[in-house]
Structures are given as structure tokens and as C-alpha cells.
Amino acid sequence: MTDTLIRTLLDWISTDSPQNRERLLTWAPELVNHERHLLRALTNLRGPAAVPDEVLAVEDELLQQELAAKPVTEATGLAALQIDPRLTLWRGDITSLQADAIVNAANPQLLGCFAPLHHCIDNAIHSAAGMRLRWECATIMAARGRPEPTGTATLTAGHNLPTGHVLHTVGPIVRGAPSRRDHEELAACYLACLESAAAAGVSSIAFCGISTGEYGFPQPDAARRAVSTVREALDQFPTIERVVINVFTSEHERYYRELLGPDA
């Protein structure tokens, strides 16, 4: 059944965007033998345009089947920290986390990552959510008529993710040692996400390492700023009951564990 869904979507997107398929297979011809990777790469490349309802229904079915096949972690079931029972440190795939909201480290266009099969969190979140997310973001951005400023947050639906919402935030780009302004803009991202989450009635939120990937903010510095900002601000948002600090590697987990201490 899954293979049939993949091929149905491949047939549609190959007709919808034939130039993307030709360009992609020129770049990576081996993808023709890996249909699921080829499909993800083509959806990464496809621009923000409306998708027929019947195609979205097929994609929803595929993504929901894939979600059901992987372990999903409930945010409120994770161990709290001794330092603050509202905080959790968790290493795992944020697209498999069931929370009221997860944070996406976005770019100013807010349309997701267009690099096929890129390893960034923006690509992972949009790929797992499906094409509905890019279209929702495009609709929001068209109405605004400007790029997303650094240090703000935009709330969307989670679509095929196990989370109810995605909070998209654009962090500072750092080359070398972060400046005072870099630190201020990173703190603004965390505050904006908390404010947007509280306004939407979100009680559990998971933060990724904003700006620590392609944007170059050094992990130890970013971890210190993230922890201090969240801890100082959390009392302002009493409806937020659980904040998950999400990391993806053991090295990044070590930085946060040194700052946050043991679980309760």
C-alpha cells in the first residue's frame, strides 16, 4: 500500500514539475532506484503552489502511515529536570514528538528548505508535515508582503506531524564569535516563541537549537543563551506547563546537561 501511495505521488509531481525531476536525476541519478527519497527530494524542490485536494489526501495517507510506523514520544511523559519541573532535556527526532507546538529554525522566506534531502531541521519538519505546510506558509507570507524578521515567531498548523502547531522563527546568522546583537536576537527568538505559544493556548512546546545549524551560532554559546532566556521568562507564561529542550546529538546534549543538571 505504501509503495502504491509513493508511486501515485511520484506520477503526479513528475507531471506537475517535470523540470525538477529532470534536474534532480541529472544531479543524483541513483535516486530513481530509491522512490521514497526521490519523492521527498521533489517535494523539497517544488515551489509554493496549490496542490489538488486528491493529491493532498494521498500524501496525508502516506505521511500518516509513516508516522504510525515510528515511535512517537509524548512531551508530557518525558522526565522533568530537578532545576525546574517545567523543563525537559530530550535527545531525539523532533518530528516524532507529540507536543502542542514544536519550534522550527526557519529562513526569512518561511517556505521551508528547497535543498533536496538536506539535513536541516527546516527540511525535516516540512517533509514530515507535507506540502500543506509550505502552502500555508506561502499564504501567510504573501499576505504580509515581506520576509520574516529575525527574532519573531509565526504559528502554523502541524499538519501531518504529531504536534498541533509549528512555530517558525528566524535566528541570527553568525560567522565567527557571536556579537552582543547576535545574542539579543537569539534571545528574542525564544521569547517570541513563548509569547506566541501562550497566546495560542499551547501548554507544551519543544525548542530546537535555533541558529546552531547552517546559521553558525556556536552550540555552547547558544545553549547558555537559550537556557537563561527560557528560565528567566517562563514565569511570565503560566499556561505553558512543559518546555522541551530538544537536541539531536550526544555532544549537544552534553552542553545542555552541564547547564541544566540532572532529571528529577
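Residues numbered from 1 in each chain as written. Predicted model: local features only at pLDDT ≥ 70, side-chain atom pairs only at ≥ 80, totals over all residues. Heavy atoms only, no water.

**What about the sheet that holds strand 8 (residues 242-247)?**
At step 1: Overall, mixed pairing links the 6 strands, which are arranged 2-8-7-4-6-5 in an open sheet. Since the sheet does not close on itself, it has two edges, and those belong to strand 2 (87-91) and strand 5 (153-157), each with one partner. Neighbour to neighbour, the strand axes of the sheet diverge by 25° on average, direction disregarded.
At step 2: The sheet contact formed by strand 4 (residues 101-105) and strand 7 (residues 204-207) spans 2 bridges and is parallel. Across the sheet, isoleucine 102 pairs through a bridge with alanine 206, a residue of strand 7.
At step 3: Packed on one face of the sheet, helix 7 (residues 180-199) meets strand 4, strand 5, strand 6 (165-169), strand 7 and strand 8 and runs near 160° to strand 7. (Pairing = 2+ DSSP bridges. Helix = DSSP H or I, 4+ residues; strand = E, 2+ residues; numbered from the N terminus. Axes fitted to C-alpha atoms, helices over the stretch in contact; angles between N-to-C directions. Contact = heavy atoms within 4.5 Å.)

**Quick word on empty space enclosed by the protein**
At step 1: According to the stated counting rule, one finds 1 cavity of 30 Å³ or more in the structure shown.
At step 2: Quantified by volume, the largest cavity comes out at close to 240 Å³.
At step 3: Along its surface, the largest cavity is lined by 21 residues, and Thr43, Glu59, His126, Gly130 and Met131 are the ones closest to its centre.
At step 4: When residues in the lining of the largest cavity are grouped by element, the largest group, 5 residues, is from helix 3 (residues 35-45).
At step 5: Residue composition of the lining of the largest cavity, by class: 10 nonpolar, 6 polar and 5 charged. (1 Å grid on protein atoms, 1.4 Å probe; cavity = no way out; pocket = protein on both sides within 12 Å on 5 of 7 lines; lining within 4 Å. Points joined across faces, edges and corners; volume = space filled by probe spheres on them. Nonpolar A, V, L, I, M, F, W, Y, C, P; charged D, E, K, R; others polar.)

**Structural notes on the nonpolar core**
At step 1: Counting 54 residues, the largest nonpolar core has Leu194, Ile205, Phe207, Val243 and Tyr256 as the members making the most contacts within it.
At step 2: Contact partners of tyrosine 256, with chain neighbours within four places excluded, come to Leu89, Tyr190, Gln219, Ala222, Ala223, Ala226, Val227, Ile245, Val247 and Gly261.
At step 3: In terms of nonpolar packing, the next biggest core, distinct from the first, is built from 20 residues, Ala28, Leu39, Ala41 and Val55 among them. (Core = buried A, V, L, I, M, F, W, Y, C linked by side-chain atoms within 4.5 Å. Buried < 20%, exposed > 50% of the residue type's maximum accessible area, 1.4 Å probe, protein only.)

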